[in-house]
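Analysis of the macromolecular model
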Amino acid sequence: MSKLQIEIDSGSGFCFGVTTAIKKAEEELSSHPSPIKGICNPRTLYCLGDIVHNGVECERLRQMGLITINHEEMARLHDAKVLLRAHGEPPETYELARRNNIEIIDATCPVVLKLQKRIRDNYELRMTNDDDTLNHHSELGIQNYQIVIFGKKGHAEVLGLVGQTQGTAIVIENFDEVKKLDFSHDIYLYSQTTKSLDEFHRIIDYIQTHISPNATFRSFDTICRSVANRMTGISEFASHHDLILFVSGRKSSNGKVLFNECLRVNSNSHLIEGPDEIDPQWLKDIETVGICGATSTPKWLMEQCRDRINSLTPKNICTSSE
């Protein structure tokens with residue numbers, strides 16, 4: 001018999017944007033305790049959407065007093081305080097806050113803010129050029145060029161990006177959807193910050209091959225390196241262990257990308273949201289377990305998974321060095 005070795009990936013855990021958003025929430029909740037349940041208080045802290053795509057962390061903050069709301073619920077708020085998470089929001093959300101006297105605690109990731117500005121500036125430039133010969137909102141003016149975003153339809157960040165173009169940007173979720181673009185017109189390609197860098201480059205190559213010689217194509221590498229740089233590290237980490245437990249909320253976009261990389265390298269990889277999902281059968285006849293996670297996965301949750309394995313190992317499973 002050999003002792004089961006467990007390693008937590010040092011490169012996994014919250015990215016800068018998520019860390020900042022959670023810190024802002026914790027600071028606000030600590031300085032202003034939550035009111036009696038059911039009674040609205042201007043000091044109550046609301047969060048527009050899940051602060052992070054991790055149910056366990058969201059529950060921890062809920063117990064501290066953070067109240068998660070959607071856009072419809074925010075529209076009914078007045079004289080309140082709302083935190084905007086790292087994913088960012090479209091201009092309409094800020095306008096709503098102004099009308100309803102809502103104080104915004106803006107935790108939008110700086111990388112996302114920069115991307116929003118680049119798309120907004122591009123859109124406004126294109127529309128200004130159209131104004132020379134066309135009505136500002138003419139259908140022809142919009143069709144003369146395409147602002148394309150490689151991202152997940154309906155994702156909070158992508159909605160914020162599309163909002164910078166008054167809803168005119170085209171969203172493609174994967175390489176196969178690039179074929180629906182009009183290659184006879186200009187294309188300006190951006191990416192959601194947490195998408196796969198390799199797939200983004202495949203899309204670029206395809207457009208470059210098919211774009212009309214009379215059209216302009218420009219691509220902007222807007223993928224966050226805190227995610228992209230983890231691909232190599234997590235690939236190497238996954239190759240060094242018999243079993244990989246990837247801890248992530250199932251709604252996390254970057255979690256899906258990183259887990260798929262683990263699975264590509266190590267077929268014995270499992271996506272779990274927490275320690276309760278660990279199957280003791282996975283631990284039979286293995287010597288090493290690697291625990292890693294998404295940019296939305298807290299370190300303490302990965303540590304709980306390690307502790308769960310330790311509690312299972314002596315009593316319920318056998319490990320062999322054969």
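So, a few notes on the structure that sits alongside this text. Worth saying up front: this structure is predicted, and the values here are computed from it rather than measured.

1. Overview of the sheet that holds strand E7 (residues 170-172)
One open sheet accounts for four strands, arranged E7-E6-E8-E9; its pairing is parallel. Whereas interior strands pair on both sides, the edge strands pair on one side only; in this sheet they are E7 and strand E9 (217-219). Recorded for the sheet is a direction-independent mean angle of 20 degrees between the axes of neighbouring strands. Judged from the three bridges that link them, strand E8 (residues 186-191) and E9 form a sheet pairing that is parallel. Across the sheet, Leu189 pairs through a bridge with Ser219, a residue of E9.

2. As for the state of the cysteines
In the structure shown here, the tally under the stated rule is zero disulfides. Looking at the unpaired Cys47, the closest cysteine sulfur is the one in Cys58, lying at 7.6 Å. The class for Cys47 is buried, based on a relative accessible area of 0%.

3. Some points on the side chain of Glu89
Within the secondary structure, Glu89 sits in the loop between strand E4 (81-84) and helix H4 (91-99). Here Glu89 occupies a buried position and makes no salt bridge, while the nearest side chain of opposite charge, Arg85, is found at 4.9 Å. For Glu89, the side chain forms a polar contact with the side chain of His71, separated by 2.8 Å. If we ignore the near neighbours within four places in the chain, the residues touching Glu89 are Leu48, His71, Leu84, Tyr94, Gln116, Gly160 and Gln164.

4. Let's talk about the packing of helix H9 (residues 225-239) against helix H10 (residues 253-265)
One way to put it is that H9 packs onto H10 with a least axis distance of 9 Å and a crossing angle of 35 degrees. The interaxial crossing formed by H9 with H10 has right-handed handedness. Only Asn254, Val257, Leu258, Glu261, Cys262, Arg264 and Val265 of H10 make contact with H9, whose side of the interface consists of Val227, Arg230, Met231, Ile234, Ser235, Ala238 and Ser239. Residue composition of the contact of H9 with H10, by class: eight nonpolar, three polar and three charged.

5. Notes on the pairing of strand E2 (residues 45-48)
Neither face of E2 is exposed, since Leu45 and Cys47 on one face and Tyr46 and Leu48 on the opposite face are all buried. Bridge count between E2 and E4: three bridges; the pairing is parallel. Directly across from Cys47, in E4, lies its bridge partner Leu83. Where E2 meets strand E3 (residues 67-69), three bridges bridge the pair, whose relative direction is parallel. Looking at the pairing, Tyr46 lines up with Ile67 of E3.

6. Focus: the environment of Gln146
Relative to the helices and strands, Gln146 is located in strand E6 (residues 145-150). Given a relative accessible area of 8%, Gln146 falls into the buried group. In sequence terms Gln146 and Phe217 are 71 residues apart; their C-alpha atoms lie 9.6 Å from each other. Excluding residues within four positions of it along the chain, Gln146 makes contact with Ile170, Leu181, Asp182, His185, Asp186, Ile187 and Tyr188.

Rules behind the numbers
Counting restarts for each chain, with residues numbered from 1 along the sequence as it is written. The model is predicted, so local features are restricted to residues of pLDDT at least 70 and side-chain atom pairs to those at 80 or more, both for listing and for counting; the totals for chains, interfaces and linings are taken over all residues. As a rule here, side-chain values come from all non-hydrogen atoms in the structure, and water together with hydrogens is ignored. Paired strands, as defined in this entry, are two strands with at least two bridges between them according to DSSP. By definition, any uninterrupted DSSP run of H or I lasting at least four residues is a helix, any uninterrupted run of E lasting at least two residues is a strand, and each is numbered from the N terminus. For helices, the fitted line uses only the C-alpha atoms of the stretch in contact; every axis is such a line through C-alpha atoms, and the angle between N-to-C directions lies from 0 to 180 degrees. The disulfide criterion is simple: two cysteine sulfur atoms within 2.5 Å. Only protein chains enter the accessibility calculation, which uses a 1.4 Å probe; a residue is then buried when its area is under 20% of its type maximum, exposed when over 50%, and partly exposed in between. Only four residue types enter the tally: Lys and Arg on the positive side, Asp and Glu on the negative side, with His and both chain ends excluded. Criterion for a salt bridge: a side-chain nitrogen of Lys or Arg within 4 Å of a carboxyl oxygen of Asp or Glu. What qualifies as a polar contact is a pair of N or O atoms within 3.5 Å, subject to a donor-acceptor requirement within protein and to the restriction that residues adjacent in sequence count only when both atoms come from side chains. Note on contacts: a residue pair is in contact if any heavy atoms of the two residues lie within 4.5 Å. A clockwise turn of the near helix away from the far one marks a right-handed crossing, whereas an anticlockwise turn of less than a right angle marks a left-handed crossing. The residue classification treats Ala, Val, Leu, Ile, Met, Phe, Trp, Tyr, Cys and Pro as nonpolar and Asp, Glu, Lys and Arg as charged. All others, Gly included, are polar.

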